[in-house]
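# Coordinate inspection notes
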Amino acid sequence: MTERTVLVTGGTGGLGGAVTDAFLDAGWRVVVPQREPGTDGGGPVRVEADLLTPEGAARAVEVATAEPAAPLRALVNLVGGYAAGGLVHETPVEEFERMLRLNLRPTYLVTHAALPHLAATGDGAVVCVSARAAVSPFPGASGYVTAKAAVRAFADAVAVEYRQRGVRCNTVLPSVIDTPANRAAQPDADHRRWVPPAEIAGVIRFLASTESAPTSGAGIPVYGRA
């Protein structure tokens, strides 16, 4: 029986699979919410939950805290998405708000539900995924840039509010992740400069572990050679 649990949102995505594997390899009990029913198959514990709703977030945390022998020690917020658009004056407010909803709302809802349990252990960790665009914006993605900047600001707020309660919160900022979806979207790019998901997963696992105990409120660049 493992002695600690991590809840990984977005654990079925291109980065999520690598993060899930990294924690499983380290002996963690891993809980992965997903929108459709699924089977565990000897890997992570899967729970059907819509993380855009408070009820879905609460359900995911309920499963993550259901094993007393493996208390919830870490939350990894990976849910998010990217959509290109025009300049600000060309972007409908609905598109702008969709990026906020997709990237920020699940991060807030799941963190909100998990924090009391993480604080109860006296040694909890939250890792959020922002983006390089949050600190180095590029044109045509104002909604995405704003949403990822908001994720980082939210993580910083959590770090300050829960520092004295034994919960650390840090953010990783990837550039372009070397996933099949990104390769399909940018077939002519120099993929050698992109960051493999497994390398980012190693950083995330470190930030969730007691090895990074002194670190909270950090924004970690994981740019590779991009």
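Now for a look at the structure at hand. (Residues numbered from 1 in each chain as written. Predicted model: local features only at pLDDT ≥ 70, side-chain atom pairs only at ≥ 80, totals over all residues. Heavy atoms only, no water.)

### Focus on the packing of aromatic side chains
The cut-off we apply is this: A pair of aromatic rings is counted whenever rings of Phe, Tyr or Trp (Trp by its six-membered ring) have centres within 6.5 Å, and the orientation is called stacked for planes under 30 degrees apart, edge-to-face for over 60 and tilted otherwise. Only DSSP runs of H or I reaching four residues or more are called helices, and only runs of E reaching two or more are called strands; each is numbered from the N terminus. Only protein chains enter the calculation, and the probe is 1.4 Å; a residue is then buried if its accessible area is under 20% of its type maximum, exposed if over 50%, and partly exposed in between.
Taken as a whole, this structure holds four aromatic pairs when the rule is applied. Ring plane angle 50° and centroid distance 6.3 Å describe the contact between Y82 and F138, whose orientation is recorded as tilted. Taken together, the residues Y82 in the loop between β4 (72–77) and α3 (93–121) and F138 in the loop between β5 (124–129) and α4 (142–161) connect sequence positions 56 residues apart. Judged by relative accessible area, which is 45%, Y82 ranks as partly exposed. Judged by relative accessible area, which is 35%, F138 ranks as partly exposed.

### Re the nonpolar core
Basically, it comes down to this: To qualify as a nonpolar core, a set must consist of buried Ala, Val, Leu, Ile, Met, Phe, Trp, Tyr and Cys residues joined through side-chain atoms within 4.5 Å. Should any heavy atoms of two residues lie within 4.5 Å, those residues are counted as being in contact.
The biggest cluster of nonpolar side chains holds 28 residues, and the ones touching the most others in it are L7, L75, V110, L118, V126 and C169. The set of elements that each furnish at least two residues to this core consists of α2 (54–64), β4, α3, β5, α4 and β6 (167–174). At six residues, the largest contribution of residues to this core is made by α3. Those residues in contact with L7 that lie beyond four places of it in its chain are V31, P33, A60, V61, A64, L72, A74, L75, V76 and V110. If you look at the next biggest cluster of nonpolar residues, it comprises 24 residues, including A18, V129, V172 and A201.

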